[in-house]
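As a plain string of letters, each chain reads:
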Amino acid sequence: YTRKIKRHCHLPAETIDGSRVQVLANIELVEEVASVLDNGGEGVGLYRTEYAYLNRTDLPGEEELAEKYIDLASIMSPKKVVFRTLDLGADKFISSYGELGETNPAMGLRAIRFCLKNPQLFKTQLRAILRASAHGKVSLMFPMISGVKEVRQAKAWLAQAKAELRREGVEYDPDMPVGIMIELPAAVMIAEYLAYEVDFFSIGTNDLIQYSIGVDRTNHHVSYLYQPLHPATLRTIKLVVDAAHQAGIEVSLCGEVASDPFCVPILLGMGIDSLSLTPQAIPGIKRIIRQTNMHDCRKLLKEVLECRTVGRINDLVMDNIFKHF
Ligand code: PEP
Ligand code: MG
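Given the structure is predicted, the values throughout are model-derived calculations rather than measurements.

1. Considerations on the UniProt feature "binding site: Mg(2+)" (unreviewed entry) in the protein
Within this structure's numbering, the places UniProt gives as "binding site: Mg(2+)" (unreviewed entry) are Glu 183 and Asp 207. Across 25 residues, the annotated set stays spatially compact, with a maximum C-alpha separation of 5.4 Å. Along the chain, Glu 183 turns up in the loop between β5 (178-182) and α7 (185-189). The buried category is assigned to Glu 183, around which 27 C-beta atoms lie within 10 Å. When sequence neighbours within four positions are dropped, the list of residues in contact with Glu 183 reads Pro 143, Met 144, Gly 204, Asp 207, Leu 208 and Tyr 211. Take Asp 207: it is sitting in helix α9 (residues 205-213).

2. Some points on the site of ligand 1
Looking at ligand 1, the residues that line it are Leu 46, Arg 48, Asp 87, Glu 183, Gly 204, Thr 205, Asn 206, Asp 207, Cys 254 and Gly 255. Put simply, the parts of the chain that give the shell around ligand 1 at least two residues each are β2 (43-48) and α9. With three residues, α9 is the single largest residue contributor to the shell around ligand 1. In the shell around ligand 1, the residues fall into two nonpolar, four polar and four charged.

3. Details of the UniProt feature "binding site: phosphoenolpyruvate" (unreviewed entry) in the protein
The feature "binding site: phosphoenolpyruvate" (unreviewed entry), as annotated in UniProt, sits at Arg 48, Arg 84, Asn 206, Asp 207 and Arg 217 in this numbering. Position of Arg 84 among the secondary structure elements: in strand β3 (residues 80-84). Look at Arg 84 and you get buried, because 25 C-beta atoms sit within 10 Å. Once residues within four sequence positions are removed from consideration, Arg 84 is found in contact with Leu 46, Tyr 47, Arg 48, Thr 49, Met 141, Pro 143 and Met 181.

4. Examining the packing of α9 against helix α10 (residues 231-246)
Look at α9 against α10: their axes get within 10 Å of each other, and the N-to-C directions meet at 125 degrees. By the criterion of interaxial angle, the relationship of α9 to α10 is oblique. In this structure, α9 meets α10 at a crossing whose hand is right-handed. Contacts from Leu 208, Ile 209, Ser 212 and Ile 213 in α9 reach Ala 232, Thr 233 and Thr 236 in α10. Residues belonging to the contact of α9 with α10 are distributed by class as follows: four nonpolar, three polar and no charged.

5. Topic: the pairing of β3
Of all five residues making up β3, four are buried, and the element is well covered by its neighbours. As paired strands, β2 and β3 are joined by four bridges and run parallel to one another. When the bridges of β3 are listed, Tyr 47 appears paired with Phe 83. For the handedness criterion, the β-α-β arrangement of β2, helix α3 (residues 62-76) and β3 is classed as right-handed.

6. Some thoughts on unusual backbone geometry
Across the junction of Ser 77 and Pro 78, the peptide omega takes the value 5 degrees, indicating a cis bond. Along the chain, the position of Pro 78 falls in the loop between α3 and β3. Despite not being glycine, Ala 111 shows a phi value in the positive range, around 50 degrees. Tracing the backbone through its elements, the reader meets Ala 111 in helix α4 (residues 111-117).

7. A short note on the sheet that holds strand β7 (residues 250-253)
One closed barrel accounts for eight strands, arranged β1-β2-β3-β4-β5-β6-β7-β8; its pairing is parallel. Averaged over all neighbouring strand pairs, the angle between strand axes comes to 25 degrees, with direction disregarded. As paired elements, strand β4 (residues 137-142) and β5 share three bridges and run parallel to each other. Bridging across to β5, Leu 140 finds its partner in Val 178.

8. Focus on the environment of Cys 263
Along the chain, Cys 263 falls in the loop between β7 and α11 (264-270). Owing to 22 C-beta atoms within 10 Å, Cys 263 belongs among the buried residues under this scheme. Residues Cys 263 and Pro 228 lie 35 residues apart in sequence; the distance between their C-alpha atoms is 7.6 Å. Among all residues touching Cys 263, those that are not within four sequence positions of it are Pro 228, Leu 229 and Val 257.

Cut-off values and rules
- Residues numbered from 1 in each chain as written.
- Chains lettered and ligands numbered in written order.
- Predicted model: local features only at pLDDT ≥ 70, side-chain atom pairs only at ≥ 80, totals over all residues.
- UniProt positions renumbered as here; feature names shortened; annotations may be inferred.
- Helix = DSSP H or I, 4+ residues; strand = E, 2+ residues; numbered from the N terminus.
- Buried ≥ 20, exposed ≤ 12 C-beta atoms within 10 Å, placed from the backbone.
- Contact = placed C-beta atoms within 7 Å.
- Near = placed C-beta within 6 Å.
- Nonpolar A, V, L, I, M, F, W, Y, C, P; charged D, E, K, R; others polar.
- Axes fitted to C-alpha atoms, helices over the stretch in contact; angles between N-to-C directions.
- Parallel < 35°, antiparallel > 145°, perpendicular 65-115°, else oblique.
- Left-handed = near helix turned anticlockwise from the far one by under 90°.
- Pairing = 2+ DSSP bridges.
- Right-handed = clockwise from strand over helix to strand, strands pointing away.

Okay, here's the thing in structure tokens:
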């Protein structure tokens, strides 16, 4: 059965009635590219760059990063690679900076906040990503954005990195798309303003569910409350998709929800442009998309948005799965 699914994984993710969705891969290491291509990934939608900084006592320098990033961009070319800038902090610390002594690290100095506080570290990475952009189809995105000012600050560092490279005569793609991850309820509420600042959104539901339902994604005592099909989660995602499309930018989803067969038809109904998921899950999700029709997804979405409880939504989603698969 697995072999049968895999055989079709290089076909496009197109619904029966002709809607195309891009199916991309989440990776943590450059070495995973083989698995991305083997499983029919149409690009890398989330490269979690922080993994190259973990489990070592020193920091990677620009040359080391650039070499790795150029390899990734050129192997994947002409398929795209979305580099997420460092998401350190919360549960991922680097020894060079030590423990921050925070009582609530998930709400502390993590991701873009950490980078803006450590501009040298940030700029080294930005320069390496820019250098890779001359070798393939590279995009960049900033994690954990909470407001417009943060995006502008991050973009100012990017502009400075570009100016330096230009002065040094180093090549980069001047039109490299820049996006942000939507992972905080604050970003959802001002998605309309954030959309003016960037070229695309990527919804990080792993964190967005954690921060909107108020449930630590790693705490097993409350994991029963971590619900992708919570009416609030679905409304939240829809707000972001609508805001992006209203502003004419693309929106992707790169949390675990993207590999959940129960959630994908609802996301299609919302009009999500791309999904990014663990490489091994790509063949199965592509198959579901190819057996679905958009008309039914929109109908399911409409029904689901009228439900008041997760239980009711689960029932509808189950019915839908049994009807189609
Ligand atoms: C997310 O939060 O959904 C996400 C994709 O980022 P990470 O899992 O790396 O925090
Ligand atoms: Mg996240």
